[in-house]
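Structural description and commentary
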Amino acid sequence: MKLLTNHVIVQDAWEDVDPDELSYEELLALGEVVGTESRGLSTDTIAGLPSVNYKTGGDQHGSNDSCVICRVDYEDGESLTVLSCKHLYHPECINNWLKINKVCPVCSTEVSTPGSSM
Ligand SMILES: [Zn+2]
Ligand SMILES: [Zn+2]
């Protein structure tokens, strides 16, 4: 049946999704889907994430110098939240993301905090 086939295609599309190609709304929607398996972090844990002051000039880790969640470039001296994988995000953006999904939106590494026991 055609209807059944279409349904399967939609399901597969979510698995092939590239976070870089999604809008903020789509990321949140995806987070809600994934969130049924992987629950978000508590606000206390999110608040305990380390932050850095962003410096332009390229001596930071990684290659992301804009926020993949809101697509806005970081500004020199801006305070950003850094995840355990060294990816940087606006605190307000990553806070909302981590409440529904505890993995990095870029590399899917599960977020851990220095305060959590090994
Ligand atoms: Zn942002
Ligand atoms: Zn990452």
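Residues numbered from 1 in each chain as written. Chains lettered and ligands numbered in written order. Predicted model: local features only at pLDDT ≥ 70, side-chain atom pairs only at ≥ 80, totals over all residues.

For the chain, the name recorded in an unreviewed UniProt entry is RING-type domain-containing protein, with Lupinus angustifolius as its organism.

Once that is clear, we can look at the overall build of the chain. Across its full length, the chain carries four helices and three strands. Looking at the chain residue by residue over its 118 residues, the buried ones come to 21%. The contacts of the chain with a sequence gap of at least 6 include a subset with a gap of at least 24, amounting to 59%. (Helix = DSSP H or I, 4+ residues; strand = E, 2+ residues; numbered from the N terminus. Buried ≥ 20, exposed ≤ 12 C-beta atoms within 10 Å, placed from the backbone. Contact = placed C-beta atoms within 7 Å.)

Structurally, Thr-56 is set in the loop between β1 (51-53) and β2 (79-82). Separated by 19 residues in the primary sequence, Thr-56 and Glu-75 place their C-alpha atoms 7.4 Å from one another.

Time to look at the environment of Thr-113. Turning to its location among the elements, Thr-113 is positioned in the segment after α4 (91-100). Judged by local crowding, Thr-113 falls into the partly exposed class, with 15 C-beta atoms found within 10 Å. In this structure the C-alpha to C-alpha distance between Thr-113 and Ala-47, which are 66 residues apart in sequence, comes to 9.9 Å.

Quick look at unusual backbone geometry now. The residue Lys-86 is not glycine, and still its phi comes out positive at about 80 degrees. Considering the arrangement of structural elements, one finds Lys-86 in the loop between β2 and β3 (88-89). On the neighbour-count criterion, Lys-86 (14 C-beta atoms within 10 Å) is partly exposed. Within the chain, Ser-108 stands out as a residue other than glycine whose phi angle is a positive 65 degrees. Assignment of secondary structure puts Ser-108 in the segment after α4.

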